[in-house]
Structures are given as structure tokens and as C-alpha cells.
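# Coordinate inspection notes
Given next are the chains, with one letter for each unit.
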Amino acid sequence: QVQLVESGGGSVQAGDSLRLSCTFSGHTFNSLAVGWFRQAPGQVREFVAATRWSGENTEYADSVKARFTISRDNANNMVFLQMNSLKPEDTATYYCAAVITGWTPVRLSDFDYWGQGTQVTVSS
């Protein structure tokens, strides 16, 4: 019903910036919530940021507040994650996700649709 494709990952130095993109296909409803998660090798997948396709609500993990920003381009069915002041501990595979809901979820199990992931590597 909803398909997602991430792009924009790469290898950067600590302190650099990256912008990840996620392109949505299928129906884009006003009640769609979108988010970013990340997973390092051998670790659990963790929440990064989430927002609504329409509306002002946003949520961020404490570890990325003031450094990462989630935003939307509704006309092009895209969501972005602007990552500034990157740290080596930000190294992970980043996934975009979506769910049709009336609020802004942050739990992994709340999201129904997932992209394939894009790798981000931050070197010291």
C-alpha cells in the first residue's frame, strides 16, 4: 500500500553533515506518520525522529536533538533527515518508515511500512 525508498547515505568525517531522503509511493494520507530509525551491526533498531505528513508534530530521540531535523516535501512525496555535527556513534543503517495513524508514534512496532535502509558511516 505504501512503499518507501531511502537514499543519501555515505561515509563522512565527524562533524560533517548529511541529508537522507525517503521517497514514498502509494497513497499519502493526511493521517500518515513518517519516521527514521537506525540500526548498527549487532544492535537493536532504534528510533531517531518522526513527524506527520500534515501537521506540526515532531519527535526526536534524545541522542539526536539539536543535531538532526526531520522535514517533508509533500509535493514530491519525500521526507528528509538533515544530520549535522555527525558523530562516530551515529554510524548505522538508517531506515525510513510510515504508518497511518492519528498521532506521531515513536515505537518500532508502531510502524507498518519500511524502506530498505541506507548506510551512514562517520569516521573520527
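Residues numbered from 1 in each chain as written. Predicted model: local features only at pLDDT ≥ 70, side-chain atom pairs only at ≥ 80, totals over all residues. Heavy atoms only, no water.

Below, the discussion takes up the nonpolar core. Membership of the largest hydrophobic core comes to 36 residues, with the highest contact counts inside it found for Phe24, Trp36, Leu81, Met83 and Tyr94. Elements that contribute at least two residues to this core include exactly β1 (2–7), β3 (18–26), β4 (32–39), β5 (46–52), β7 (68–73), β8 (78–83), β9 (92–100) and β11 (118–123). Once residues lying within four places of it in the same chain are set aside, the contact partners of Leu81 are Leu18, Arg19, Leu20, Trp36, Val48, Ala49, Phe68, Thr69, Ile70 and Tyr94. (Core = buried A, V, L, I, M, F, W, Y, C linked by side-chain atoms within 4.5 Å. Buried < 20%, exposed > 50% of the residue type's maximum accessible area, 1.4 Å probe, protein only. Helix = DSSP H or I, 4+ residues; strand = E, 2+ residues; numbered from the N terminus. Contact = heavy atoms within 4.5 Å.)

Attention now goes to the state of the cysteines. What makes a disulfide is a covalent bond joining the sulfur atoms belonging to two cysteines. Taken as a whole and assessed by the stated rule, the structure comprises 1 disulfide. Shown here is the disulfide that connects Cys22 with Cys96, its sulfur atoms set 2.0 Å apart. Judged by the torsion about the S-S bond (55°), the Cys22/Cys96 disulfide is right-handed. Of this pair, Cys22 sits in strand β3 while Cys96 sits in strand β9; the two residues are 74 residues apart in sequence, bridging distant segments of the chain. For the pair Cys22 and Cys96, a shared accessibility class is recorded, and that class is buried. (Disulfide = S-S within 2.5 Å.)

Turning our eyes to something else, we now look at the sheet that holds β7. The strands that make up a sheet are held in pairs by hydrogen bonds between backbone atoms, and each pair lies either parallel or antiparallel. Taken together, 4 strands build an open sheet; the order of strands is β1-β3-β8-β7 and the sheet is antiparallel. Whereas interior strands pair on both sides, the edge strands pair on one side only; in this sheet they are β1 and β7. Averaged over all pairs of adjacent strands, the angle between strand axes in this sheet comes to 20°, irrespective of strand direction. Here β1 runs beside β3; their pairing, made up of 6 bridges, is antiparallel. The residue of β3 that forms the bridge with Ser7 is Ser21. (Pairing = 2+ DSSP bridges. Axes fitted to C-alpha atoms, helices over the stretch in contact; angles between N-to-C directions.)

Here we come to the pattern of salt bridges. Overall, the coordinates contain 5 salt bridges when judged by the stated rule. With a closest N to O distance of 2.9 Å, Arg38 and Asp90 form a salt bridge. Of this pair, Arg38 sits in strand β4 while Asp90 sits in the loop between β8 and β9, placing them 52 residues apart in sequence. Across the pair, exposure class does not vary: Arg38 and Asp90 are buried alike. The closest approach of N and O atoms between Asp90 and Arg67, which form a salt bridge, is 2.8 Å. Pair noted here: Asp90 is in the loop between β8 and β9 and Arg67 is in the loop between β6 (58–60) and β7, with a separation of 23 residues, a long-range link. Residue Asp90 is classed as buried on the basis of its relative accessible area, which comes to 1%. We classify Arg67 as buried; its relative accessible area is 10%. Beyond isolated ion pairs, a larger network of salt bridges with shared partners links Arg38, Glu46, Arg67 and Asp90. (Salt bridge = Lys/Arg side-chain N within 4 Å of Asp/Glu carboxyl O.)

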